[in-house]
Amino acid sequence: MKYNGKPYRTIWLGSNGWMVEVIDQRLLPHQFEVVRLKGLDDTAFAIRAMVVRGAPLIGATAAYGMALAMRADASDAHLVAAYDTLLATRPTAVNLRWALDRMRAALSPLPAAERTAAAYALASEICEEDVVINSTIGRLGAELIAAAWERAQVAGRPRVNVLTHCNAGWLGCVDWGTALAPVYKAHNAGIPVHVWVEETRPRNQGASLTAWELKHHGVPYTIIVDNAGGHLMQHHMVDLCIVGTDRTTSRGDVCNKIGTYLKGLAAHDNNVPFYVALPASTIDWTLDDGVAEIPIEERDAREVTHIRGRAEGGAMCEVLLAPEGSSASNFGFDVTPARLVTGLITERGVCPASREGLLSLFPERSEGAAAAEPSPASAGVVG
Ligand code: MRU
């Protein structure tokens, strides 16, 4: 996607051919700065501190982290240490484990001398795949927005309103985004789409990152406080919700940024379609019950008691919001049960949020199934 007229991805190789460059997402929307990752520790820090964030981008960054680690020391011991270090950075997004498992499986059988080149090649492949997958998710999701636009016109409304939570745009992926890819494709196709952007306390990925992305692509948007979504739905101001996910279980329970569940409940109560957009790498086939089984990240309480932003004079500053010494808890994610989800938008098609729905798109995951993978190009709506 473009920033100031120049096309960007969120991660790329520097001009020396080995350093990894990423956008420092902690500084957006006020400063656009590129950070160079030179080794394993830099990469682990970047994921943990949320220089980069968003499930697919966490996976892609970890893949390059393995490449940087192999460049420094391609021994078996270092391969295992790099895998463990990166896996421990953030617990909830399963794309991290998916990417690391893929890297380890490819690198382990190779002689040490071949590992660095193979690691860079596979990390690059993971990034390229992410772009194609998200573009497909965008195309399929845009059909849902087009249908909602038809309904909005019948109801006499001048635009189609999508509500989203957190940032599931190109900043959270390598390009396009998951939940925002359909919005970009619909907008590019001339559909008058407007986005309600939930600010997403405490780190405000909606107000800072989603708003920044939409602004730079020219998509109309309005920032709302996290608690406003239900009110808007009651007043027919939301045509559909589309959110991303950090881990979706084999029965379709969806874990995403804290506050998503309440939007799922409000959407269900108001008959507003609630879609979740995800690449297959976000499905954790080993889990069933998302509420009971998905590890939920707990972050520093300071993210709740303090807020960071740009002061009148232009300098970045942090202010205290709560009585000094207050305790605060900071659960990063929640789980929306499958029964509240209208459909899952994947690169293979749109399906009901259920085991049957997912298996209809991923038959190779059925017990005893021979691998038979439909291509993204043949993807459509199921169920
Ligand atoms: O804590 P974050 O900013 O990494 O959380 C990101 C989200 O919850 C996104 O909605 C999710 O990763 C969807 S895909 C970009």
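Residues numbered from 1 in each chain as written. Predicted model: local features only at pLDDT ≥ 70, side-chain atom pairs only at ≥ 80, totals over all residues. Heavy atoms only, no water.

## A look at helix α1 (residues 40–48)
Piece 1. Buried within α1 are the following residues: L40, T43, A44, A46 and I47. Seen end-on, α1 carries its buried residues on one side only, within an arc spanning 160 degrees.
Piece 2. Taken together, the buried residues of α1 touch β5 (34–37), α2 (55–72), α3 (76–87) and α4 (95–107).
Piece 3. Two residues or fewer after α1 comes M50, characterised by a positive phi angle close to 65 degrees. (Buried < 20%, exposed > 50% of the residue type's maximum accessible area, 1.4 Å probe, protein only. Helix = DSSP H or I, 4+ residues; strand = E, 2+ residues; numbered from the N terminus. Arc of directions from axis to C-beta. Contact = heavy atoms within 4.5 Å.)

## What to know about the packing of α4 against helix α5 (residues 112–154)
Piece 1. One can describe the packing of α4 onto α5 by two numbers: an axis separation of 10 Å at closest approach and a directional angle of 145 degrees. Here the hand of the crossing between α4 and α5 comes out right-handed. Residues W98, A99, R102, M103, A106 and L107 of α4 lie in contact with α5, whose contacting residues are R115, A118, A119, L122, A123, E125, I126 and E129.
Piece 2. Of the residues contributing to the contact of α4 with α5, the split by class is 10 nonpolar, no polar and 4 charged. (Axes fitted to C-alpha atoms, helices over the stretch in contact; angles between N-to-C directions. Left-handed = near helix turned anticlockwise from the far one by under 90°. Nonpolar A, V, L, I, M, F, W, Y, C, P; charged D, E, K, R; others polar.)

## Some words on the packing of α1 against α2
Piece 1. With their axes 8 Å apart at the nearest point, α1 and α2 run at an angle of 165 degrees to one another. Comparing their axes, α2 and α1 come out roughly antiparallel. Between α1 and α2 lies a crossing whose hand is left-handed. The segment α1 lies against α2, with L40, T43 and I47 engaging I58, T61, A62, G65, L68 and A69.
Piece 2. When grouped by side-chain class, the residues that make up the contact of α1 with α2 number 6 nonpolar, 3 polar and no charged. (Parallel < 35°, antiparallel > 145°, perpendicular 65-115°, else oblique.)

## Concerning the site of the ligand
Piece 1. By nearness alone, 18 residues border the ligand, and A55, R90, D246, N256 and K257 come closest of all.
Piece 2. Q205 is positioned with one of its side-chain polar atoms (N or O) 2.9 Å from an oxygen atom of the ligand.
Piece 3. A distance of 2.9 Å separates an oxygen atom of the ligand from a polar atom in the side chain of D246.
Piece 4. Considered on its own, the ligand offers 410 Å² of accessible surface; in the complex 100% of this is hidden by protein.
Piece 5. Looking at side-chain class alone, the shell around the ligand contains 6 nonpolar, 8 polar and 4 charged residues.
Piece 6. In terms of domain composition, the shell around the ligand takes at least three residues from each of domain 1 (2–128) and domain 2 (137–372). (Near = heavy atom within 4 Å. Polar contact = N/O pair within 3.5 Å; in protein donor to acceptor, adjacent residues only side chain to side chain. Areas by Shrake-Rupley, 256 points an atom, 1.4 Å probe, with all protein chains shown as cover. Domains from an automatic or database assignment.)

## Examining the domain arrangement of the protein chain
Piece 1. Here the domain parsing of the protein chain yields domain 1 (2–128) and domain 2 (137–372).
Piece 2. On a C-alpha basis, the centres of domain 1 and domain 2 stand 24 Å from each other.
Piece 3. In this assembly, 33 residues from domain 1 lie in contact with 34 residues from domain 2.
Piece 4. Summing both sides of the interface, domain 1 and domain 2 together bury roughly 2,800 Å²; the carbon and sulfur share of this comes to 57%. (Buried area = accessible area lost by both parts, 1.4 Å probe.)

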